[in-house]
Amino acid sequence: MRKSRFAALATRDGGRKRSDAVQAAESQLATMEGDYIAEADRLIAQLNVLSGAAQPDVEAIYRVAATLRGLGGAFGYVLVSDIAGSLCDLAERLGAAGQVDPPALLAHAQSLSLLHHRRVKGTGGDGEAQLCEGLARLVARWPAATLP
Amino acid sequence: MIRSGGLRLDGVTVLLADGSKFTRKLVAQMLAEFGVGTILEAEDGETALDALKRGPVDLLICDTLVENPDGITLTRMIRHDNGATYRSIPVLLLAGHTRQADVIRMRDCGASLILAKPVAPKALYDRLAWIARDPRPFVDSAIYAGPDRRHNVGEPPNGVARRQMDRERFADQTKSSVSHDEIMAILRQADSL
């Protein structure tokens, strides 16, 4: 079986130790936290505008929420990622049902604003857990999308 | 087999396709710290395909939600582009969220591996290492083209455990910073309808 060029190059002698490479990347990531804060500001502001529209565009909301979900946890803002993921679930369900639920969408956007502005890292405490449970109930009002 | 304890990525060209400029910057910084020689960026699927055609590219890292076409469609196009030099390059798909409608498409598109975002350095490095030692033959049939999905190459990197470790890494902040009144103010307006 012929190796890919990537495999042939990557497995040469003289590679950097995994622990060194990972540590260097984590250190670099730490220097980008300020940039993340600015990017999350922008994305959460978009989500609040989109969710507050008279007829929310759930596909646009889904895409912005998916981007935010992919960023928060990389900097330790696990709850921001979790709630953005919950918003993705909601938007997916609404899209499949051809419906909109502005109050539920807005509740997610406002929760993201609150946690982001408080800079809540990790999974938070009882209050945050209560908030996530409440948001999950809003998502559960709509049927889960199914495999095609 | 990775010798000398780690990946050697100088001389490797990685193409990174993601619609989010910040996400591209984030992943590109990780790759640079891993020692990747050349990192190319594409903001959409069409630009990524153009870069592949110009080549050579050794690895494609692509977000599933990149547009025009999306990452799943792009991977399928690459795998079915008969005669193209890039047809069998490793493809690592990044997924910010996976819709139910995309689960089967992702399984069948021919990607080498899928990594759920958020991307952490350890998880990304381990995926690259796994791809580097991936011995699966390339399957080419009418319904599927890509690394053999049935070939047992041992356990892939444990994404669940890694994700849990990432959560634990940031579990130091366990005191609530939101009050009961704030929670109720947000949820009551949604529950009342």
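Above: the structure in question.
Everything in this summary refers to the structure shown in the same document. (Residues numbered from 1 in each chain as written. Chains lettered and ligands numbered in written order. Predicted model: local features only at pLDDT ≥ 70, side-chain atom pairs only at ≥ 80, totals over all residues. Heavy atoms only, no water.)

Now for the overall build of chain A. Helix and strand counts for chain A come out as seven helices and zero strands. Principal axes of the C-alpha set define a box for chain A whose edges measure 60 × 40 × 25 Å. With 148 residues in all, chain A has 53% of them scored as buried. Looking at chain A alone, contacts between residues at least 24 apart form 73% of all its contacts between residues at least 6 apart. In the form shown here, chain A has an accessible surface area of approximately 6,000 Å², with 52% of it arising from carbon and sulfur atoms. Put simply, chain A has 16 plus and 16 minus side-chain charges, and the middle of one group is 9 Å from the middle of the other. (Helix = DSSP H or I, 4+ residues; strand = E, 2+ residues; numbered from the N terminus. Buried < 20%, exposed > 50% of the residue type's maximum accessible area, 1.4 Å probe, protein only. Contact = heavy atoms within 4.5 Å. Areas by Shrake-Rupley, 256 points an atom, 1.4 Å probe, with all protein chains shown as cover. Lys, Arg positive; Asp, Glu negative; His and termini not counted. Charge placed at Lys NZ, Arg CZ, Asp CG, Glu CD.)

On to helix 4 (residues 58–72) of chain A. In a regular helix each residue adds 1.5 Å, so 15 residues correspond to 21 Å; helix 4 of chain A covers 21 Å between its end C-alpha atoms and thus fits that length. Sitting at the amino-terminal end of helix 4 of chain A is Asp57(A), which places a side-chain oxygen 3.2 Å from the backbone nitrogen of Glu59(A). (Expected span 1.5 Å × (residues − 1). Polar contact = N/O pair within 3.5 Å; in protein donor to acceptor, adjacent residues only side chain to side chain.)

Moving on, we come to the layout of surface pockets. The volume enclosed by the largest pocket comes to roughly 560 Å³. Within the residue set of the lining of the largest pocket, elements represented by two or more residues are helix 1 (5–10) of chain A together with helix 5 (121–132) of chain B. The biggest single contributor to the lining of the largest pocket is helix 1 of chain A, with three residues. Partitioning the lining of the largest pocket into residue classes produces 16 nonpolar, five polar and eight charged. (1 Å grid on protein atoms, 1.4 Å probe; cavity = no way out; pocket = protein on both sides within 12 Å on 5 of 7 lines; lining within 4 Å. Points joined across faces, edges and corners; volume = space filled by probe spheres on them. Nonpolar A, V, L, I, M, F, W, Y, C, P; charged D, E, K, R; others polar.)

Let's shift gears to the nonpolar core. Residues Phe34(B), Ile61(B), Leu124(B) and Leu128(B) are the most contacted members of the largest nonpolar core, which totals 81 residues. Among the elements that line this core, the one with the most residues is helix 5 (residues 78–97) of chain A, at nine residues. With 23 residues, the next largest nonpolar core counts Ala42(B), Ile72(B), Ile78(B) and Ile89(B) among its residues. (Core = buried A, V, L, I, M, F, W, Y, C linked by side-chain atoms within 4.5 Å.)

The next point concerns the packing of helix 3 (residues 71–79) of chain B against helix 4 (residues 100–108) of chain B. Residues and elements named next belong to chain B. As a packed pair, helix 3 and helix 4 sit with axes 9 Å apart at the nearest point and diverge in direction by 25°. The orientation of helix 3 relative to helix 4 falls into the category roughly parallel. Between helix 3 and helix 4 lies a crossing of left-handed hand. Between helix 3, through Ile-72, Thr-73 and Arg-76, and helix 4, the contact on the second element is made entirely by Asp-102, Arg-105, Met-106 and Asp-108. Split into classes, the residues belonging to the contact of helix 3 with helix 4 amount to two nonpolar, one polar and four charged. (Axes fitted to C-alpha atoms, helices over the stretch in contact; angles between N-to-C directions. Parallel < 35°, antiparallel > 145°, perpendicular 65-115°, else oblique. Left-handed = near helix turned anticlockwise from the far one by under 90°.)

The next subject is helix 3 of chain B. All names here are of chain B. Residues of helix 3 that are buried: Gly-71, Ile-72, Leu-74, Thr-75, Ile-78 and Arg-79. Viewed end-on, helix 3 has its buried residues packed into an arc of 160°, placing them on one side of the element. Residue Asp-70 occupies the N-cap position of helix 3, its side-chain oxygen lying 2.9 Å from the main-chain nitrogen of Ile-72. (Arc of directions from axis to C-beta.)

For the rest of this paragraph, the subject is the sheet that holds strand 4 (residues 91–95) of chain B. Residue and element names in this part refer to chain B. On the basis of which strands lie adjacent, the open sheet formed by five strands has the order 2-1-3-4-5 and parallel pairing. The two strands at the open ends of the sheet, each matched to only one other strand, are strand 2 (38–42) and strand 5 (113–116). For this sheet the average axis-to-axis angle between neighbouring strands, irrespective of direction, equals 20°. Here four bridges tie strand 4 to strand 5, and the two strands are oriented parallel to one another. Across the sheet, Leu-92 pairs through a bridge with Leu-113, a residue of strand 5. Across the face of the sheet, helix 1 (residues 21–34) comes into contact with strand 1 (13–17), strand 2, strand 3 (59–63) and strand 4 while running at roughly 170° to strand 2. Running at roughly 165° to strand 1, helix 2 (residues 45–54) makes contact with strand 1, strand 2 and strand 3 of the sheet. (Pairing = 2+ DSSP bridges.)

This next bit is on the interface of chain A and chain B. On the side of chain B, 68 residues touch chain A, which itself brings 73 residues to the contact. The largest share of the area that chain A buries against chain B comes from Phe6(A), Arg12(A) and Arg18(A), three residues that together contribute 11% of it. Linking chain A to chain B there are five salt bridges. Where Lys25(B) meets Asp35(A), a salt bridge forms, and the shortest distance between an N and an O atom there is 3.0 Å. For the pair chain A and chain B, the number of links is 18 residue pairs in polar contact (both at pLDDT 80 or more). (Buried area = accessible area lost by both parts, 1.4 Å probe. Salt bridge = Lys/Arg side-chain N within 4 Å of Asp/Glu carboxyl O.)

Once that is clear, we can look at the packing of helix 1 of chain B against helix 5 of chain B. Residue and element names in this part refer to chain B. Taken N-terminus to C-terminus, the directions of helix 1 and helix 5 make an angle of 60°; their axes are 11 Å apart at the nearest point. Judged by the angle between their axes, helix 1 and helix 5 are oblique. Viewed along their axes, helix 1 and helix 5 form a crossing whose handedness is right-handed. Two secondary-structure elements touch here, helix 1 through Val-27, Met-30, Leu-31 and Phe-34 and helix 5 through Pro-121, Leu-124, Tyr-125 and Leu-128. In the contact of helix 1 with helix 5, the residues fall into eight nonpolar, no polar and no charged.

According to the stated counting rule, one finds four aromatic pairs over all chains in the structure shown. Where Phe75(A) meets Phe22(B), the ring centres are 6.3 Å apart and the plane angle is 35°; that geometry is what we call tilted. You can see Phe75(A) sitting in the loop between helix 4 and helix 5 and its partner Phe22(B) sitting in helix 1, one on each of two chains. Take Phe75(A): its relative accessible area is 4%, and that puts it in the buried class. Ring geometry for Phe34(B) and Tyr125(B): centres 5.2 Å apart, planes at 85°, overall edge-to-face. In this pair, Phe34(B) sits in helix 1 while Tyr125(B) sits in helix 5, placing the two residues 91 residues apart along the sequence. Put simply, the rings of Tyr36(A), Phe75(A), Tyr77(A) and Phe22(B) touch in pairs and so form one group of aromatic residues. Arg99(B) extends its terminal NZ or CZ atom over the ring of Tyr62(A), reaching a point 3.8 Å from the ring centre. (Phe/Tyr/Trp six-rings, centres within 6.5 Å; stacked < 30°, edge-to-face > 60°. Lys NZ or Arg CZ within 6 Å of the ring centre and 35° of its normal.)

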